[in-house]
Amino acid sequence: MSVPSITLNTGESRLCTMDFAALLARGETVTSVVRVDAIPSTAPPLSIGSAVYSGTIAQFRVAGYVSDTRYKITVFVTTSSGNTLKGEGFLQCSGPLNYSITPGVATLTLTGH
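Quick look at the structure, then. Everything quoted here is computed from the prediction, not taken from an experiment.

**Some details on the nonpolar core**
And then number 1: Counting 19 residues, the largest nonpolar core has Phe20, Ile73, Val75 and Val77 as its most contacted members.
And then number 2: Secondary-structure elements contributing two or more residues to this core are β2 (14–19), β3 (30–39), β6 (57–63), β7 (69–79) and β8 (84–93).
And then number 3: Here this core gets four residues from one element, more than from any other, and that element is β7.
And then number 4: Excluding its chain neighbours within four sequence positions, the residues that come into contact with Val75 are Met18, Phe20, Val33, Arg35, Val36, Ala58, Phe60, Leu85, Lys86 and Gly87.

Structure representation (structure tokens):
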């Protein structure tokens, strides 16, 4: 299964959403975001803001990325059933704003400016 990806301009700050609906049982919801990781480490580092959650989603803001760098974003959440889930996606930083979403287990989407 492919991992979702987004392409953004260098220097932008964007809100991203990781949707865990495909991994949750009926009625199960996200109850906390444990952490959001980005690989590779770069200079300057990718800045990931505090994550929030609602229903089946986790949201976080990214900024400060390095041009021509592909970051693997991994989001860990806990659920109302006591499960810990992991969602993954890629953030490609290059060229003009152009984001694409590839279906995956947890979907990473660009949600705002």
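We are not done yet, so read on.
**Considerations on the pattern of salt bridges**
And then number 1: Summed over all chains, the structure comprises three salt bridges.
And then number 2: The partner of Lys72 in a salt bridge is Glu88, and the shortest N-O contact between them spans 3.2 Å. Residue Lys72 is found in strand β7, and its partner Glu88 is found in strand β8; the two are separated by 16 residues along the sequence.
And then number 3: The partner of Lys86 in a salt bridge is Glu88, with the nearest N and O atoms 3.6 Å apart.
And then number 4: Taken together, the shared-partner salt bridges in this structure form one network comprising Lys72, Lys86 and Glu88.

**Examining the side chain of Thr79**
And then number 1: By the element assignment, Thr79 lies in strand β7.
And then number 2: Relative accessible area serves as the criterion here: at 5%, Thr79 is assigned to the buried category.
And then number 3: At 2.5 Å, the side chain of Thr79 and the side chain of Glu28 are in polar contact.
And then number 4: The residues contacting Thr79, other than those within four sequence positions of it, are Leu24, Glu28, Thr29, Val30, Thr31 and Leu85.

**Digging into the environment of Phe60**
And then number 1: Within the fold, Phe60 resides in strand β6.
And then number 2: Among the residues examined, Phe60 registers a relative accessible area of 1% and is labelled buried.
And then number 3: Separated by 24 residues in the primary sequence, Phe60 and Val36 place their C-alpha atoms 8.3 Å from one another.

**Observations concerning the pairing of β8**
And then number 1: When β7 meets β8, the two strands line up antiparallel, connected through ten bridges. Within β8, the residue paired with Ile73 across the bridge is Gly89.
And then number 2: Joining the antiparallel neighbours β7 and β8 is a turn of four residues, in which Gly82 adopts a positive phi near 85°.

Thresholds, definitions, all that
Residues numbered from 1 in each chain as written. Predicted model: local features only at pLDDT ≥ 70, side-chain atom pairs only at ≥ 80, totals over all residues. Heavy atoms only, no water. Core = buried A, V, L, I, M, F, W, Y, C linked by side-chain atoms within 4.5 Å. Buried < 20%, exposed > 50% of the residue type's maximum accessible area, 1.4 Å probe, protein only. Helix = DSSP H or I, 4+ residues; strand = E, 2+ residues; numbered from the N terminus. Contact = heavy atoms within 4.5 Å. Salt bridge = Lys/Arg side-chain N within 4 Å of Asp/Glu carboxyl O. Polar contact = N/O pair within 3.5 Å; in protein donor to acceptor, adjacent residues only side chain to side chain. Pairing = 2+ DSSP bridges.

Any functional reading would require information beyond the geometric quantities listed.
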